[in-house]
Amino acid sequence: MDKKVYELLNQQVNKEFYSAYLYLDFSNYFKSKGLDGFANWYLIQAQEERDHAMLFYQYLQNENQSVSLEAIAKPDKVFESGMDVLKAGLAHEEYVTSLINDIYSAASEVKDYRTMQFLDWFVKEQGEEEMNANGLISKMELFGFDPRSLYMLDQELGARVYSAPSLVL
Ligand code: FEO
């Protein structure tokens, strides 16, 4: 495997685990505010990010590459409001999209078609991640400032259940 492609894929293992950490922190924030539905939504989001990390981990191993696990950064943002958290979530997903695109570009440059095919799932997934993050912001704008509506929105987010990723390696 090309060195740059390897390094970016290996780094992505860490980035995805960081995403899981970040969303656990978001879940923690909402739990502390009594919004258990929002907390549930981000707890499941954290599980999905762990799955993403493991997909990169597994892909590298399948390609006979050893994985180098690095320290996971501390999520250290202080939030003023729930809306702040949701906006940070969208910004984070946009950042992750840029990382996936960078790996895709590096793989494309060296004609690493297998890595490009592996990444196709993540390209689509990032579209969904950004759509979901945008959707949460829109709902919060519409319903977040009235306690009764916020309660119902929280109930809706509390109904989210975890499902394993559709990509199997
Ligand atoms: Fe791993 Fe939220 O994308």
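Look above for the structure.
A short tour of the structure in this document, coming up.

Reading the values: rules and limits
Residues numbered from 1 in each chain as written. Predicted model: local features only at pLDDT ≥ 70, side-chain atom pairs only at ≥ 80, totals over all residues. Heavy atoms only, no water. Core = buried A, V, L, I, M, F, W, Y, C linked by side-chain atoms within 4.5 Å. Buried < 20%, exposed > 50% of the residue type's maximum accessible area, 1.4 Å probe, protein only. Helix = DSSP H or I, 4+ residues; strand = E, 2+ residues; numbered from the N terminus. Contact = heavy atoms within 4.5 Å. Phe/Tyr/Trp six-rings, centres within 6.5 Å; stacked < 30°, edge-to-face > 60°. Lys NZ or Arg CZ within 6 Å of the ring centre and 35° of its normal. Expected span 1.5 Å × (residues − 1). Arc of directions from axis to C-beta.

### With respect to the nonpolar core
Point 1. Formed by 24 residues in total, the largest nonpolar core has its most connected members in Phe26, Phe30, Phe38, Tyr42, Leu86 and Met140.
Point 2. Of all the secondary-structure elements, those providing two or more residues to this core are helix 1 (3-32), helix 2 (36-62), helix 3 (82-109), helix 4 (113-143) and helix 5 (147-158).
Point 3. Those residues in contact with Met140 that sit more than four places away from it in its chain are Phe38, Gly82, Met83, Leu86, Phe145, Leu150 and Leu153.
Point 4. Formed by 20 residues, the second largest nonpolar core is a distinct cluster that contains Tyr6, Ile100, Leu119 and Leu167.

### Some thoughts on the packing of aromatic side chains
Point 1. For the structure on display, the rule yields 14 aromatic pairs.
Point 2. Between the aromatic rings of Tyr29 and Phe30, the centroid separation amounts to 5.3 Å while the plane-to-plane angle is 85°, which identifies the pairing as edge-to-face.
Point 3. On the basis of relative accessibility, which here comes to 15%, the residue Tyr29 falls in the buried class.
Point 4. Looking at Phe30, the relative accessible area reads 0%, which means it is buried.
Point 5. Centroid distance Tyr29 to Phe79: 6.0 Å. Interplanar angle 80°. Geometry classified as edge-to-face. In this pair, Tyr29 sits in helix 1 while Phe79 sits in the loop between helix 2 and helix 3, placing the two residues 50 residues apart along the sequence.
Point 6. Across from the ring centre of Trp41, 4.2 Å away, lies the NZ or CZ of Arg160, which sits over that ring.

### Comments concerning helix 5
Point 1. With twelve residues, helix 5 extends 16 Å from end C-alpha to end C-alpha; this agrees with the ideal 16 Å at 1.5 Å per step.
Point 2. Inspection of helix 5 places Leu150, Leu153, Asp154 and Leu157 among the buried residues, and these make up the whole buried set. For helix 5, the buried positions fall inside an angular range of 105° around the axis, keeping them on one side. Facing away from the buried side of helix 5, by more than 90 degrees, are the exposed residues Arg148, Tyr151 and Met152.
Point 3. Buried residues along helix 5 sit against helix 2 and helix 4.

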